[in-house]
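For reference, the chains in residue letters:
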Amino acid sequence: IEDDGPYRGALAKDMRVQVSLTGGELLLGSMLAIGDGSLRMRLDEGSEATAPMTKVRSIDVVSDKLQWLSAIEPSKAEQTAAFDRVRPWTKDRSPEGAGIQLRGKVYARGIVLAPRTKLTFDLGARYDVFECVAGLEERSGPLAHAIFRVYADGKLLWEATQDGAAATPHELKLPITGCKELAIEADFGERFDLGDHCAFADARVLKSTGASK
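What counts, and where the lines are drawn
- Residues numbered from 1 in each chain as written.
- Predicted model: local features only at pLDDT ≥ 70, side-chain atom pairs only at ≥ 80, totals over all residues.
- Heavy atoms only, no water.
- Helix = DSSP H or I, 4+ residues; strand = E, 2+ residues; numbered from the N terminus.
- Buried < 20%, exposed > 50% of the residue type's maximum accessible area, 1.4 Å probe, protein only.
- Contact = heavy atoms within 4.5 Å.
- Phe/Tyr/Trp six-rings, centres within 6.5 Å; stacked < 30°, edge-to-face > 60°.
- Lys NZ or Arg CZ within 6 Å of the ring centre and 35° of its normal.
- Pairing = 2+ DSSP bridges.
- Axes fitted to C-alpha atoms, helices over the stretch in contact; angles between N-to-C directions.
- Salt bridge = Lys/Arg side-chain N within 4 Å of Asp/Glu carboxyl O.
- Core = buried A, V, L, I, M, F, W, Y, C linked by side-chain atoms within 4.5 Å.

Q: What am I meant to see in the side chain of R149 here?
A: Looking at the element boundaries, R149 is found in strand β16 (residues 145-152). Judged by relative accessible area, which is 14%, R149 ranks as buried. Apart from the residues within four sequence positions on either side, R149 is in contact with L156, W158, E159, A183, I184, E185, D187 and F200.

Laid out in structure tokens, this is it:
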């Protein structure tokens, strides 16, 4: 699907979704197209519906094979203060405002952490892949420098250092079959800047086709 808004890269044709409109209405069905300022879908009852994107409050994927990490409540949250200050983490937005901005793209889903923060999620070995786009949010401070990590059952799966909001984000696709606990972490970099906004945009876990529940 061509997507010119915050859902870029997060939706696919025929994906089953629930669309919440600003007027309070809910549309449930399969996505047909999104772009040119509007959304088109086939409702479960068989008819087609079109809605302007200005009226769309949220789009949620309905599937037992995909779960947004921001929709799962962490089983554990560990935070270390920077200069005696603990900064909150955010879901589906940046601390600086709506959306999550990485190198010119805006994402509607994801988690943004301030160093040092580590969130652990109970997956119950139900998923096979963890995907996200990890990097420093565009609205981070000018001295932003941080370390990103992903763990599966306490084992380090991936680590990278990001230097500045202009650094190229990392597109991750990590195998997590059998993983009971997934953790994401943002750690202090070299400059301990309070403007570090470490984004795990489009963070989601997926079950492979045919995988057992």
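Q: Sorry, what's going on with the packing of aromatic side chains here?
A: For any pair of aromatic rings, geometry is given as the distance between the ring centres together with the angle between the planes. All told, the structure shown has one aromatic pair when counted by the stated rule. Seen in terms of ring centroids, F148 and F200 are 5.5 Å apart; in terms of plane orientation they differ by 55°. Their pairing is tilted. In this pair, F148 is assigned in strand β16 and F200 in strand β20 (residues 198-206), connecting sequence segments 52 residues apart. Over the ring of Y151 we find K118, and its NZ or CZ is 4.0 Å from the ring centre.

Q: Got a minute to help me understand unusual backbone geometry in this structure?
A: Keep in mind that most residues, glycine aside, have a negative phi and that most peptide bonds are trans. Residue R116 is bonded to the preceding P115 through a cis peptide linkage, with omega at -20°. Following the sequence through the fold, R116 ends up in the loop between β13 (110-113) and β14 (117-122). Backbone geometry places R103, a non-glycine residue, at a positive phi of 45°. Among the structural elements, R103 can be located in the loop between β11 (100-102) and β12 (105-107).

Q: Explain the sheet that holds β16 to me, please; I cannot follow it from the model alone.
A: One open sheet holds the five strands; their spatial order is β7-β14-β19-β16-β17, and the pairing between them is antiparallel. With one partner strand each, in any of the chains shown, β7 (76-79) and β17 (155-163) form the two edges of the open sheet. Going from strand to strand, the sheet's axes swing by 10° on average, the running direction of each strand aside. Across eight bridges, the pairing between β16 and β17 is antiparallel. Of the residues in β17, the one forming a bridge with A152 is K155.

Q: Got a minute to help me understand the pattern of salt bridges in this structure?
A: Close approach of charged atoms allows side chains with opposite charge to pair. If you walk through the whole model with that rule in mind, you get 12 salt bridges. R109 is the partner of D92 in a salt bridge, and the nearest nitrogen-oxygen pair spans 3.1 Å. Pair noted here: D92 is in the loop between β8 (90-91) and β9 (93-94) and R109 is in the loop between β12 and β13, with a separation of 17 residues, a long-range link. Classification of D92 by relative accessible area gives partly exposed; the value is 25%. For the salt bridge of R139 with E137, the shortest nitrogen-to-oxygen distance reads 2.7 Å. Salt bridges linked by common partners bring E78, R116, R149, E159, E185 and D187 together as one network.

Q: Which parts of the structure should I look at to understand the nonpolar core?
A: Note that soluble globular proteins tend to have their nonpolar side chains buried in a common cluster. If you look at the biggest cluster of nonpolar residues, it comprises 30 residues, and the most contacted ones within it are L69, L123, F130, V150, L182, I184 and F200. For this core, the secondary-structure elements that each account for two or more residues are β13, β14, β15 (129-136), β16, β17, β18 (170-175), β19 (181-188) and β20. The residues contacting L69, other than those within four sequence positions of it, are I111, F121, F130, L182, I184, A203, R204 and V205. Grouped together as the second largest cluster of nonpolar side chains are 18 residues, V17, M41, M53 and V56 included.

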